[in-house]
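Each chain is listed here by its residues.
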Amino acid sequence: RRHLSEVGAAALSVRAIARELQMASSAIYRYLPSRDDLLTMLIVTAYDELGDAVDAALAKVADAGLRQRFYVVGRAMRSWAVEHPHDYALLYGSPVPDYDAPGELTTPAGTRVPGRLAEILALPHAPATAADPDTVAAGRDAVRALVSDPAVAFRGEQAPLELIQRGLAAWALLLGALNAEIFGYLGDDSISEPSTHFDAMLALAVDLVTTDG
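Residues numbered from 1 in each chain as written. Predicted model: local features only at pLDDT ≥ 70, side-chain atom pairs only at ≥ 80, totals over all residues. Heavy atoms only, no water.

(A) Looking closely at the overall build of the protein. Summing up its helical and strand segments, the protein has 11 helices and two strands in all. Sorting the 213 residues of the protein into buried and exposed places 38% on the buried side. Residue pairs at least 24 apart in sequence account for 73% of intrachain contacts in the protein once pairs closer than 6 positions are excluded. A total accessible area of about 11800 Å² is found for the protein, and carbon and sulfur atoms account for 55% of it. (Helix = DSSP H or I, 4+ residues; strand = E, 2+ residues; numbered from the N terminus. Buried < 20%, exposed > 50% of the residue type's maximum accessible area, 1.4 Å probe, protein only. Contact = heavy atoms within 4.5 Å. Areas by Shrake-Rupley, 256 points an atom, 1.4 Å probe, with all protein chains shown as cover.)

Right, dumping it as structure tokens:
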């Protein structure tokens, strides 16, 4: 992970790590067959650490409502990302050239946090004001292409496509706010209080899925 922070994911090298450990490359390859295996291990570890951070934060507000729990998830993600920017970049930054993540290994860990948000959306809530019907209809068509089964179980019923759409939009806004801060898209001095700005973005995101105070 230190090597990752120093050279970036694209330049990650099992041979270079072996040299730093004063090991023969043939010896380390007995544990890690390839760079891709190393990347996969790092990705799964980072996803699980992020998931653990979110779960620990949610455990402290077990009886809270949708809005507060959404804030807790977002703030836990931000805290982890600020403390582990290189791990965050590996998960949500530019794809690593010539690497295809094996979904059977990375998906369970990678869907932990979105899964928690989906559980939060199952709490009693009031839907936000509906958008233009034609726009919503077009968005639902796009959502159908994103989910394998639009009739996702939701509190024992079927999730409305509009709710799925709004949930995806809230997730995109949350990640966009994080990426803008972690990757410096906002400039060094343009935001004097990054945490306050992030909370404002969280407020916009949660407004997409509820009108609860």
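From this point, things continue past the structure.
(B) Structural view of the packing of aromatic side chains. Under the defined criterion, the tally for this structure stands at five aromatic pairs. Measuring from ring centre to ring centre gives 5.9 Å for Tyr88 and Phe183, while their planes differ by 45°; the resulting arrangement is tilted. You can see Tyr88 sitting in helix 6 (residues 85–92) and its partner Phe183 sitting in the loop between helix 10 (161–182) and helix 11 (194–207), a full 95 residues away along the chain. Residue Tyr88 is classed as buried on the basis of its relative accessible area, which comes to 1%. Taken together, Tyr47, Tyr88, Tyr92, Trp171, Phe183 and Tyr185 form an aromatic cluster joined through their ring pairs. (Phe/Tyr/Trp six-rings, centres within 6.5 Å; stacked < 30°, edge-to-face > 60°.)

(C) Here's a closer look at the packing of helix 5 (residues 66–83) against helix 11. One way to put it is that helix 5 packs onto helix 11 with a least axis distance of 10 Å and a crossing angle of 140°. By the angle class used here, helix 5 and helix 11 are oblique. Handedness of the crossing formed by helix 5 with helix 11: right-handed. On the side of helix 5, the interface is formed by Leu66, Arg67, Phe70, Tyr71, Gly74, Arg75 and Arg78, while helix 11 contributes Pro194, Ser195, Phe198, Asp199, Leu202, Ala203, Ala205, Val206 and Asp207. When grouped by side-chain class, the residues that make up the contact of helix 5 with helix 11 number nine nonpolar, two polar and five charged. (Axes fitted to C-alpha atoms, helices over the stretch in contact; angles between N-to-C directions. Parallel < 35°, antiparallel > 145°, perpendicular 65-115°, else oblique. Left-handed = near helix turned anticlockwise from the far one by under 90°. Nonpolar A, V, L, I, M, F, W, Y, C, P; charged D, E, K, R; others polar.)

(D) Representation of the side chain of Arg35 within the structure. Its location among the elements puts Arg35 in helix 4 (residues 35–59). Among the polar contacts made by the side chain of Arg35, one reaches the main-chain carbonyl oxygen of Asp98 at a distance of 3.3 Å. (Polar contact = N/O pair within 3.5 Å; in protein donor to acceptor, adjacent residues only side chain to side chain.)

(E) Seen up close, helix 4. Under the 1.5 Å per step criterion, the end-to-end length of helix 4 is 36 Å for 25 residues, consistent within 8% with the ideal 36 Å. Listed as buried for helix 4 are Arg35, Leu38, Leu39, Thr40, Leu42, Ile43, Ala46, Tyr47, Leu50, Gly51, Val54 and Leu58. Contact partners of the buried residues in helix 4: helix 1 (2–7), helix 2 (14–20), helix 5, helix 6, helix 7 (103–110) and helix 8 (112–121). Two or three places before Asp36, at the opening of helix 4, Ser34 has a side-chain oxygen 3.3 Å from that residue's backbone nitrogen. (Expected span 1.5 Å × (residues − 1).)

(F) Looking closely at the pattern of salt bridges. Inspection of every chain in the model, using the stated rule, returns 13 salt bridges. Note that Glu49 is salt-bridged to Arg1, the shortest N-O span being 2.9 Å. Of this pair, Glu49 sits in helix 4 while Arg1 sits in the segment before helix 1; the two residues are 48 residues apart in sequence, bridging distant segments of the chain. In this structure Glu49 comes out as partly exposed when scored by relative accessible area, which is 29%. One salt-bridge network, held together by shared partners, links Asp48, Asp52, Asp55, Arg112, Arg116 and Glu119. (Salt bridge = Lys/Arg side-chain N within 4 Å of Asp/Glu carboxyl O.)

(G) Spotlight on the environment of Gly65. Within the element layout of this structure, Gly65 appears in the loop between helix 4 and helix 5. Among the residues examined, Gly65 registers a relative accessible area of 39% and is labelled partly exposed. In this structure, the C-alpha to C-alpha distance between Gly65 and Leu121, residues 56 residues apart in sequence, is 9.9 Å.

(H) Inspection of a nonpolar patch on the surface at higher detail. On the surface, a nonpolar cluster with roughly 340 Å² of combined accessible area is contributed by Leu21, Met23 and Tyr31. Relative to the helices and strands, Met23 is located in the loop between helix 2 and helix 3 (25–28). (Patch = residues over 30% accessible without salt bridge, like charges linked within 9 Å, V, L, I, M, F, W, Y side chains within 5 Å.)

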